[in-house]
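Each chain is listed here by its residues.
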Amino acid sequence: MTKMVYRVLEEMSSKPELLCMEPELVKISRDSLSLYESGQINRPNPENEAWIEYNGEYYAVGFLAQKYFEARINFLELKYENAIPKTLAAVGAIAIREGLKSNLDLSLGLLLPYGEWEDRERLEMGLTKALSSFSFRGQQFCVNLISFQCLPEGGGLVLTRSKKLGTDFNKVNIAVVMLGFRDISAVIFSRGISTGKTEGLGLAWMLERIKSRTSGQNLYDLLKAVHLSGSALKPRYFNTLARSKNAEFKAEEVAQIVEVAELSRKEYWNKVSIWLSMNIPVDIQQVIIGGGTSEYLVAELKNLFTYTEISWAAELEEDVRLAFNLPIKKDALCLRFTDVYGLFRYQNATSAISTYRAS
């Protein structure tokens, strides 16, 4: 999911809000868009019917791209390149949701994989130009990018942890490990000086492994079954994946999927643990672990990092739950929002928009 935390500064009493959009993105033609619109009976919520136009090109984003235009995630595409149309769609959807005007000031914070972070200046220039003139669902917008901050994934957790540690943060060796759906990354702070690496070893690696060894499966259904089942991989959560209508064949098919999933999980952790061992120095005094996949590998991560202190998502999960009044059953959502929320809190405290307007 594309995860966002935003706050509208029209009123100082306004509270932060969460917004999620599916990760799909696809370039479409004006004719395809016209055909889609001609068949619509009502107008869905803006985040579920997001399409934008800029530089004469049209894009469907999120649920619309996934459901109607049948877009699929391409793990080889660069996140920073997709960030421009996704940001335009997010800004447009928020503006419609909140009843804002077409001319806006925006303070923006983004998180990118460490391996793409070096492209942040190129991204800022592209965003500044695109935001200044684009349309969302046919409505023209002119957005003035007042401030832009781009950090590596895990940056929101680092900002939170460094605030808690104060000056001690620059006296110790700290690793930030992010385990996501597409990538994993490690950023090392040695007395404040940072280095890092990113690898395509997110949970999708394991799901692709299962998919290639079974018949007729797709990533979304596999992800749901794996998530619900947890590390134990209970057969009952894989029943819906079986394609056979024969009861005996169905039971055999489920057993095969579970067996493949268990093997793929072992292989996945083996790859991840080797990579982490190679990229996390043994003199690390604290490791901050975040990302949605970290919940799936909690036991293994605890065993791997027995030699150092672990900070789970910089202790931000409860803050997210309280800030947005989320029930306990939304634990996974709280975890996945910690990094974004950490950056939002920093951005909100240092926003240039209030100063800009006051001047």
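Structure: see above.
Throughout this description, residue numbers start from 1 for each chain and increase along the sequence as written. Side-chain atom pairs in this predicted model are given and counted only at pLDDT of 80 or more, local residue features only at pLDDT of at least 70, and totals for whole chains, interfaces and linings cover all residues. Side-chain figures throughout are based on the complete set of non-hydrogen atoms in the structure, without hydrogens or water.

Caption draft 1: Geometry of the packing of aromatic side chains. Side-chain rings of Phe, Tyr and Trp (the six-membered ring for Trp) are treated as a pair once their centres are within 6.5 Å; stacked means planes under 30 degrees apart, edge-to-face means over 60, and tilted covers the remaining angles. Under the counting rule described, the total for this entry stands at 12 aromatic pairs. Ring centres of tryptophan 205 and tyrosine 268 lie 6.0 Å apart, and the angle between their planes is 25°; on these two criteria the pair is classed as stacked. In this pair, tryptophan 205 sits in helix 6 (residues 203-213) while tyrosine 268 sits in helix 8 (residues 247-279), placing the two residues 63 residues apart along the sequence. You can call tryptophan 205 partly exposed: its relative accessible area is 21%. A simple rule labels every residue: compare its accessible area, found with a 1.4 Å probe on the protein chains alone, to the largest value its type can have, and call it buried under 20%, exposed over 50%, or partly exposed in between. Judged by relative accessible area, which is 0%, tyrosine 268 ranks as buried. Among the aromatic residues, ring-to-ring pairing joins Tyr36, Tyr68 and Phe69 into one connected group. Positioned above the aromatic ring of tryptophan 117, the side-chain terminus of arginine 120 is 3.8 Å from the ring centre. The cationic tip of arginine 265 hangs over the ring face of tyrosine 296; the distance from NZ or CZ to the ring centre is 4.4 Å. Secondary structure elements are defined from DSSP: runs of H or I of at least 4 residues count as helices, runs of E of at least 2 residues count as strands, and each element is numbered from the N terminus. For a ring to carry a charge above it, either NZ of a lysine or CZ of an arginine must fall within 6 Å of the ring centroid while also lying within 35 degrees of the normal to the ring plane.

Caption draft 2: Expanded view of helix 10 (residues 317-324). Listed as buried for helix 10 are Val320, Arg321 and Phe324. Projected down its long axis, helix 10 carries its buried residues within an arc of 100°, all on one side. Following helix 10 by one or two positions, asparagine 325 adopts a phi angle in the positive range, close to 55°. Of all possible arcs, the one meant is that of the directions from the helix axis to the C-beta atoms.

Caption draft 3: Fine view of the pattern of salt bridges. Any Lys or Arg side-chain nitrogen located within 4 Å of an Asp or Glu carboxyl oxygen qualifies as a salt bridge. For the structure on display, the rule yields 17 salt bridges. Here arginine 122 makes a salt bridge to aspartate 119, at a shortest N to O gap of 2.7 Å. Take arginine 122: its relative accessible area is 49%, and that puts it in the partly exposed class. Exposure remark for aspartate 119: the relative accessible area of 12% places this residue in the buried category. A salt bridge links aspartate 168 to lysine 171, with the shortest nitrogen-to-oxygen separation between them at 3.7 Å. Here the salt bridges share partners, and the residues they tie into one network are Arg30, Glu37, Arg43, Glu49 and Arg137.

Caption draft 4: Expanded view of the sheet that holds strand 12 (residues 286-290). When DSSP locates at least two bridges between a pair of strands, those strands are taken to pair. The strand order across the open sheet formed by 5 strands is 11-10-9-12-13, and the pairing between neighbours is mixed. On the outer flanks of this sheet lie strand 11 (193-199) and strand 13 (309-312), each paired with one strand and no other. When strand polarity is set aside, the average angle formed by the axes of neighbouring strands in this sheet is 15°. As defined by bridge partners, strand 9 (residues 173-179) adjoins strand 10 (residues 184-190) across 7 bridges and the pair is classed as antiparallel. Counterpart to valine 177 in the pairing with strand 10 is alanine 186. Helix-sheet contacts for helix 5 (residues 155-165) involve strand 9, strand 10, strand 12 and strand 13, and the interaxial angle to strand 12 is about 140°. Helix 8 contacts strand 9, strand 10 and strand 11 of the sheet and is inclined by roughly 20° relative to strand 10. As a rule, the C-alpha atoms of each element are fitted with a line to give its axis, helices using only the stretch in contact, and angles between N-to-C directions run from 0 to 180 degrees. By definition, residues are in contact when any of their heavy atoms lie within 4.5 Å.

Caption draft 5: Region of the structure containing the nonpolar core. Counting residues in each nonpolar core, the largest one holds 65 residues, and the members touching the most others are Leu123, Leu131 and Phe134. Per-element tally for this core: the top contributor is helix 3 (residues 79-98), with 10 residues. Not counting chain neighbours up to four residues away, the residues in contact with phenylalanine 134 comprise Glu53, Tyr54, Leu88, Val91, Gln139, Gln140, Phe141 and Val143. The nonpolar core is taken to be a set of buried Ala, Val, Leu, Ile, Met, Phe, Trp, Tyr and Cys residues, with the residues joined through side-chain atoms within 4.5 Å.

Caption draft 6: How the structure looks around the sheet that holds strand 8 (residues 139-152). Overall, mixed pairing links the 6 strands, which are arranged 3-5-4-7-8-6 in an open sheet. In this open sheet, the two edge strands, each paired with only one partner strand, are strand 3 (25-28) and strand 6 (103-112). Neighbouring strand axes in the sheet, compared pairwise and without regard to direction, differ in orientation by 35° on average. By the bridge criterion, 3 bridges tie strand 7 (residues 134-136) to strand 8 in an arrangement that is antiparallel. Each residue of the ladder has a partner; that of phenylalanine 134, found in strand 8, is phenylalanine 141.

Caption draft 7: Structural detail: the packing of helix 6 against helix 8. Axis separation between helix 6 and helix 8 bottoms out at 9 Å; the angle between their running directions is 145°. Taken as a pair, helix 6 and helix 8 cross one another with a handedness that is right-handed. Side by side, helix 6 and helix 8 meet where Leu203, Trp205, Met206, Arg209, Ile210 and Arg213 of the first sit next to Gln256, Val260, Ala261, Leu263, Ser264, Arg265, Glu267, Tyr268 and Lys271 of the second. Residues are grouped as follows: nonpolar covers Ala, Val, Leu, Ile, Met, Phe, Trp, Tyr, Cys and Pro; charged covers Asp, Glu, Lys and Arg; every other residue, Gly included, is treated as polar. For the contact of helix 6 with helix 8, a count of residues per class yields 8 nonpolar, 2 polar and 5 charged. Throughout, a crossing is termed right-handed when the near helix is turned clockwise from the far one, and left-handed when it is turned anticlockwise from it by less than a right angle.

Caption draft 8: How the structure looks around the packing of helix 3 against helix 4 (residues 120-132). As a packed pair, helix 3 and helix 4 sit with axes 10 Å apart at the nearest point and diverge in direction by 35°. For helix 3 against helix 4, the interelement crossing comes out right-handed. Across the interface between the two elements, Tyr80, Ala83, Ile84, Thr87, Leu88 and Val91 of helix 3 pack against Arg122, Leu123, Gly126, Leu127, Ala130 and Leu131 of helix 4. Looking at side-chain class alone, the contact of helix 3 with helix 4 contains 9 nonpolar, 2 polar and 1 charged residues.

Caption draft 9: Highlighting unusual backbone geometry. Not every positive phi belongs to a glycine, and alanine 313 is a case in point at roughly 50°. For alanine 313, the position within the fold is in the loop between strand 13 and helix 10. For alanine 313, a relative accessible area of 0% gives the class buried. Notably, alanine 314 is not glycine yet its phi reads approximately 55°, a positive angle. Mapped onto the elements of the fold, alanine 314 is located in the loop between strand 13 and helix 10. In this structure alanine 314 comes out as buried when scored by relative accessible area, which is 0%.

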